[in-house]
Amino acid sequence: MGLTAGSVSKAASAMNVRSPLSSFYQPYTNPPSGTLLSSEDWPQNAKAPLLFTPITVGKGAAKIELKNRIMVAPMCEYSAEPGTGLPGPWHMVHLGALAVRGAGLVFCEASAVMPNGRITPEDLGIWSSEQRDAFKPIVAFIQSQGAKAGMQLAHAGRKASTLAPWLDMSTMSKNVATSIAATGEAKGWEDVWAPSAIPFVEDKYPTPVAMDDKDIAELKEKWAQAVVRSDEAGFDVVELHLAHGYLLHEFLSPISNKRTDKYGGSLENRMRLPLEIIALSRAALPAHKPLFIRISATDWSACGEKDAKTGEWLSWGVEQSAVLLDEAIKLGVDLMDVSSGGNDIKQQIKLGPGYQVPFAEQLRAGLKPDARIPISSVGLITSGKQAEEILQSGKADLISVARELLRNADMVFDWAMELDAVVNVPVQYQRAYSRMMTKKA
């Protein structure tokens, strides 16, 4: 006896449906993990937390919708085969697990645009087609979970050719006496670049070479190629790393930039190369893909941002960051993620819950009505209620999270429960979440 159309429909409803989001078999979680479920079915979602409200990022053609406002910040893993820059099984599992567990946007760690731009010999890179192709299955898996995949492009500058942090800064074992990755067995390199020949730490970090015009031209060429490869790998978003004391931050800050040419001195000159990189990145990236930047809003330098008497800029700070933000928006940047520090070994950071949020708030408040972009905040944001308060009070538009996700991979689900919200969970895991997925009047 043949099946009728009605019986086919009923039979299909009893099947373990294959997800249309992936090329491999996986059961279909619909809507994707981390998505707020309908208030018609889940009355407790009638007052939806802003944290789990979708947000559209970008303008014009360059728009993407994120299922929630939680971004996985780029986190260096120092886990590529030394010297290759290739992502491998560790990166697939690390990033894939975060996508499975509901984040709206998952950023890959800072990936070097050229070999001498790595922090350590074990850093990822995207200066070759082989690296591009190695990223493709990782990107596809992230996207198969209903998350967006982000690439952060970077050059480490004077912090390049150094050691993985557990070798020289560990609290668990005896530290080595240097942070320099020597040539030879450690696979370090000598062509360490910076705006000026000033090491991050004298005698402990490499002494860099001040970049000349040829070096700058090569950097720009390689950066544009890395943007193209990021697109070809399938990433939804490209972010430029202008933070944490790496090369583009080094050009921005008077602490590390003592140049006397067009790339040093005045604020306009110190911003020149970062803005050129932004412009060429926007030109190389397809119009439908958003471009983000991540900055350090302050060097946390004891000398302050500006000399009160002379008006001379002494270090990088939030006043200059506001100028940079305005110029970046003009060049087509779609989001700024606001971090801080990393460029002054004597930095005096005032740590505390949400300690970087005021910088995001100040920069967001200074945006012109006709030139507004989302601002993301990061740094010791460790609870759902804290994240929700930041969003509700207009201090930021998205929350970027790193170490809290390393401590608790189920953070997205835990934050939803903390806010009395119900978000979807992978169907494979739902039997473990009855405490959340119970209807309340």
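Quick look at the structure, then. Predicted model only: the values in this text are computed from it and were never measured.

Counting buried positions over the six residues of strand β10 (residues 291–296) gives six, a clear majority of the element. Looking at chain direction, strand β9 (residues 237–242) and β10 are connected through five bridges and run parallel. When the sheet's bridge partners are listed, Leu-242 is paired in β10 with Ile-295. Where β10 and strand β11 (residues 335–339) come together, five bridges link them in parallel fashion. Following the sheet pairing, Ile-295 is matched in β11 by Val-338. Following the chain from β10 across helix α8 (residues 318–330) to the adjacent parallel β11, one finds a crossover that is right-handed.

For the rest of this paragraph, the subject is the environment of Arg-259. Here Arg-259 shows up in the loop between α6 (247–252) and α7 (267–284). Taking the relative accessible area as the measure of exposure, Arg-259 reaches 10% and is therefore buried. The sequence separation of Arg-259 and Val-422 amounts to 163 residues, and the corresponding C-alpha distance is 54 Å. Ignoring anything within four residues of it in the chain, the contact list for Arg-259 reads Ala-194, Pro-195, Ser-196, Ala-210, Met-211, Ile-216, Phe-251, Gly-264 and Gly-265. Reaching out from Arg-259, the side chain makes a polar contact with the backbone oxygen of Pro-195 at a distance of 2.9 Å.

Let's shift gears to the packing of helix α2 (residues 89–100) against helix α3 (residues 129–144). Interhelical geometry of α2 versus α3 gives an angle of 15° and a closest axis separation of 9 Å. On the basis of the axis angle, α2 is roughly parallel to α3. Handedness of the crossing formed by α2 with α3: right-handed. Between α2 and α3, the residues in contact are His-91, Met-92, Leu-95, Gly-96, Ala-99 and Val-100 and Pro-137, Ile-138, Phe-141 and Ile-142, respectively. Here the contact of α2 with α3 is built from residues that sort into eight nonpolar, two polar and no charged.

Our focus in this paragraph is α8. Helix length check: α8 (13 residues) gives 19 Å between terminal C-alpha atoms against 18 Å at 1.5 Å per residue, within 8%. Listing the buried residues of α8 in full gives Val-318, Gln-320, Ser-321, Leu-324, Leu-325, Ala-328 and Ile-329.

The rules we used
Residues numbered from 1 in each chain as written. Predicted model: local features only at pLDDT ≥ 70, side-chain atom pairs only at ≥ 80, totals over all residues. Heavy atoms only, no water. Buried < 20%, exposed > 50% of the residue type's maximum accessible area, 1.4 Å probe, protein only. Helix = DSSP H or I, 4+ residues; strand = E, 2+ residues; numbered from the N terminus. Pairing = 2+ DSSP bridges. Right-handed = clockwise from strand over helix to strand, strands pointing away. Contact = heavy atoms within 4.5 Å. Polar contact = N/O pair within 3.5 Å; in protein donor to acceptor, adjacent residues only side chain to side chain. Axes fitted to C-alpha atoms, helices over the stretch in contact; angles between N-to-C directions. Parallel < 35°, antiparallel > 145°, perpendicular 65-115°, else oblique. Left-handed = near helix turned anticlockwise from the far one by under 90°. Nonpolar A, V, L, I, M, F, W, Y, C, P; charged D, E, K, R; others polar. Expected span 1.5 Å × (residues − 1).

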